Amino acid sequence: MSDTPPTDREADDAAHAGREPRQGPPPSIDDAFREISDAGREGLSAALDTGRALRGLLIADFALARSALGRALLWVSVAIIFGASSWLLLMAALIALLQGVLGWSWLASMSAAAGLSLVVTAIGVWQALRYFEYTRLSATRRQLRRLGLGHDDDDDREIESHKTEAR
């Protein structure tokens, strides 16, 4: 067997592993076991190094996200403060316009400004509720249920209805 050239598969495996194909007799069981256990240790070591690197990346990413969240909240508060004050000034200008130019009473002008504010508020609440639906992770929960993991309130209701039917 030592004079036979390596098979195509042995040559492909050796080329993939970055080594020359074996020329000579096959290794003994002890040598083969040693090579396999060395390769296993190297693989485990590489997996542990990858895990440590991923852990470090996650820690750094969470630290960056925490810092960014604080700064984002600061700028959101600045935007809210200036947005609210400009909205109040805009409503005051609308009231002055309705009262002065169109001759509406103060009560009618303020009611019109309040009505406009309520309409914008209702649209904002509607949109916020619509977007909060996306935070329920419905697709993920549906896939987890298909895998048999987790349950939701509908499952609890079905269990309760079966218990009451059994009585």
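Residues numbered from 1 in each chain as written. Predicted model: local features only at pLDDT ≥ 70, side-chain atom pairs only at ≥ 80, totals over all residues. Heavy atoms only, no water.

1. Describing the pattern of salt bridges
Should the charged atoms of two oppositely charged side chains come close, the side chains can pair.
Move 1: In this structure the tally under the stated criterion is four salt bridges.
Move 2: Residue Arg 136 is joined to Glu 133 by a salt bridge in which the shortest nitrogen-to-oxygen separation is 3.9 Å.
Move 3: Judged by relative accessible area, which is 43%, Arg 136 ranks as partly exposed. (Salt bridge = Lys/Arg side-chain N within 4 Å of Asp/Glu carboxyl O. Buried < 20%, exposed > 50% of the residue type's maximum accessible area, 1.4 Å probe, protein only.)

2. Quick look at helix H2 (residues 29–100)
Move 1: In this model, H2 (72 residues) spans 101 Å end to end at C-alpha, consistent with the 106 Å of a helix rising 1.5 Å per residue.
Move 2: Tucked inside the fold, the buried residues of H2 contact helix H3 (106–132). (Helix = DSSP H or I, 4+ residues; strand = E, 2+ residues; numbered from the N terminus. Expected span 1.5 Å × (residues − 1). Contact = heavy atoms within 4.5 Å.)

3. Comments concerning the packing of H2 against H3
Two numbers describe a pair of packed helices, the interaxial angle and the distance between the axes.
Move 1: Contact pair H2 / H3: the axes reach a minimum separation of 8 Å and the direction vectors enclose 140 degrees. Our classification of the angle between H2 and H3 gives oblique. The two elements H2 and H3 meet at a crossing, and its hand is right-handed. Here Trp 87, Met 91, Leu 94, Ile 95, Leu 98 and Gln 99 of H2 lie close against H3, whose contacting residues are Trp 106, Ser 109, Met 110, Ala 112, Ala 113, Leu 116, Ser 117 and Val 120.
Move 2: Residue composition of the contact of H2 with H3, by class: 11 nonpolar, three polar and no charged. (Axes fitted to C-alpha atoms, helices over the stretch in contact; angles between N-to-C directions. Parallel < 35°, antiparallel > 145°, perpendicular 65-115°, else oblique. Left-handed = near helix turned anticlockwise from the far one by under 90°. Nonpolar A, V, L, I, M, F, W, Y, C, P; charged D, E, K, R; others polar.)

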